[in-house]
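# Fold and contact review
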Amino acid sequence: MLFSDYSLLDDDSFSTALDESLRQLREDNVSVTGIIHMASFLEYFLKEGLTNVYSEQDLLTCAKQAIDRILEAQRTSIDQNELSRIPFQYPNLDGIAKQVFEYAQLNTPLIDEVRLKQRAQDDWKELYTSSDMKTLYQTFGLQSEWNRNVFFGYLETKEILSGIEKMSNAVKRAFAEMILSRYTKSPYQHMGDIFGEEKDTLDSVRKSLRFEIEEASVPKRLSLHMKKRIVEAIGKAFEKYAT
């Protein structure tokens, strides 16, 4: 609430929330986007005289150290992908938040598209060959790394269709639900930009699956019904973003 509508807090709750946010920034592994978001608000509170428990230099040092922890803990390919979208989320970035962003850019190794594509292919294979729903949700769930970054844009249509064919019916159903969540329930403002990079591939997948379903004779296999769920989930994404 401190970084959404802090006016809903009373004086004591504001102080408590401020202390907890500083602790998180000093100790926890917050995402790069989260660090920049927090730094922006904490600098504002400082300039408005709402706190005196830290200085601008303290805040900058703390935020940079948080970036260092993230760069050590996460795979840099995801960090780089995330960084590339921050200007879309924060077009008026300035002050300490801007310095933190520039620091993250400077210290994040560039990862070429070949490596990103290979990682997407590897994780896709793990996803469609898994019979463990926990693995599926870890790879592609709403809180996963891929769910806030481009994924399908690194895959070919035939790769996705082949993977869907190999999924069990249970995984097909879960996958359809995850596509629906990815595009219609995502908390990330840049999901529309991600969809823009993935829509051509998704449209090809949707058309291929739809043709297979329409050409099948009755009674249709249960696996086709699960593919229909995937088609419908992709359709919801187009309804939301393809305007």
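Here we summarise the structure given alongside this text. Every value quoted in this text rests on a predicted model; they were computed, and no experiment measured them. Numbers given for residues are sequential positions, taken from 1 along each chain in its written order. For this predicted model, a pLDDT threshold of at least 70 governs which residues receive local features, and a threshold of 80 or more governs which side-chain atom pairs are given and counted, while totals over whole chains, interfaces and linings are taken from all residues. Side-chain metrics rest on all non-hydrogen atoms present in the structure, leaving aside hydrogens and water.

The next point concerns the overall build of the protein. Comment: elements are numbered from the N terminus, with helices defined as DSSP H or I runs of at least four residues and strands as E runs of at least two. Across its full length, the protein holds 12 helices and zero strands. Across the protein, helices and strands are ordered from the amino to the carboxyl terminus as α-α-α-α-α-α-α-α-α-α-α-α. Dimensions of the protein, computed from the C-alpha atoms along their principal axes, are close to 70 × 40 × 35 Å. Throughout, exposure labels follow a simple rule: accessible area from a 1.4 Å probe, protein chains only, divided by the maximum for the residue type, with under 20% read as buried, over 50% as exposed, and the rest as partly exposed. For the protein, the residues scored as buried account for 46% of the 243 residues in total. A contact between two residues is defined here by any heavy atoms of the two lying within 4.5 Å. Long-range contacts, defined as pairs at least 24 residues apart, comprise 74% of the intrachain contacts of the protein with a sequence gap of at least 6. When the accessible area of the protein is evaluated, it comes to approximately 12900 Å², of which 48% is carbon and sulfur surface. We score Asp and Glu as negative and Lys and Arg as positive, and we do not count His or the chain ends. To locate a charge, take atom NZ for lysine, CZ for arginine, CG for aspartate or CD for glutamate. Placing the 31 positive and 39 negative side-chain charges of the protein at their respective mean positions leaves the two points 10 Å apart. Where accessible areas are quoted, they stem from the Shrake-Rupley method and a 1.4 Å probe; at the residue level, only the protein chains shown are allowed to cover.

A few words on the side chain of Ser223. Relative to the helices and strands, Ser223 is located in helix H12 (residues 222–241). Ser223 gets classed as buried once you look at its relative accessible area, which sits at 16%. Leaving out residues up to four positions away in the same chain, Ser223 has contacts with Asn169 and Lys172.

Let us look at the nonpolar core. Ranked by internal contacts, the top residues of the largest apolar core, which has 37 residues, are Trp124, Phe152, Ile164 and Phe175. Of all the elements in the fold, those that place two or more residues in this core are helix H7 (113–129), helix H8 (133–140), helix H9 (157–166), helix H10 (169–184), helix H11 (191–215) and H12. The residues contacting Phe175, other than those within four sequence positions of it, are Trp124, Leu127, Leu136, Phe140, Phe152, Ile164, Met167 and Ile230. In this structure, Ile36, Met38, Leu42 and Leu60 belong to the second largest nonpolar core, which totals 32 residues. To qualify as a nonpolar core, a set must consist of buried Ala, Val, Leu, Ile, Met, Phe, Trp, Tyr and Cys residues joined through side-chain atoms within 4.5 Å.

A word on the packing of H8 against H10. With their axes 11 Å apart at the nearest point, H8 and H10 run at an angle of 25° to one another. One element, H8, and the other, H10, form an angle in the roughly parallel class. Read as a crossing pair, H8 and H10 show a hand that is right-handed. Contacts from Met133, Leu136, Tyr137 and Phe140 of H8 reach H10 at Ala170, Val171, Ala174, Phe175, Glu177, Met178, Ile179 and Arg182. Three categories are distinguished: nonpolar for Ala, Val, Leu, Ile, Met, Phe, Trp, Tyr, Cys and Pro, charged for Asp, Glu, Lys and Arg, and polar for the others, with Gly belonging to the last. Taken together, the residues of the contact of H8 with H10 sort by class into 10 nonpolar, no polar and two charged. Helix axes are fitted only over the stretch in contact, all axes being lines through C-alpha atoms; the angle between N-to-C directions runs from 0 to 180 degrees. In these notes the angle categories are as follows: under 35 degrees is roughly parallel, over 145 is roughly antiparallel, 65 to 115 is roughly perpendicular, and the rest is oblique. It is the rotation of the near helix from the far one that decides the hand of a crossing: anticlockwise by less than a right angle makes it left-handed, clockwise makes it right-handed.

Moving on, we get to the packing of aromatic side chains. Stacked, edge-to-face and tilted are the three classes for Phe, Tyr and Trp ring pairs, Trp counted by its six-membered ring, which pair at centre distances within 6.5 Å; planes under 30 degrees apart are stacked, over 60 edge-to-face, the rest tilted. What the rule picks out here adds up to 13 aromatic pairs. Taking the centre distance of 6.1 Å and the plane angle of 50° together, the rings of Phe41 and Phe45 count as tilted. Residue Phe41 and its partner Phe45 are both found in helix H2 (residues 32–47); the two are separated by four residues, about one turn of the helix. Judged on exposure class, the residue Phe41 and its partner Phe45 are both buried. By way of ring pairs, the aromatic residues Tyr6, Phe14, Phe41, Tyr44 and Phe45 are connected into one cluster.

By this rule, a helix spans an expected 1.5 Å times one less than how many residues it contains. Look at H12: 30 Å from first C-alpha to last across 20 residues, which is about the 28 Å you get at 1.5 Å a residue. Listed in full, the buried residues belonging to H12 are Ser223, Leu224, Met226, Lys227, Ile230, Val231, Ala233, Ile234, Gly235, Ala237 and Phe238. In this fold, the buried residues of H12 make contact with H9, H10 and H11.

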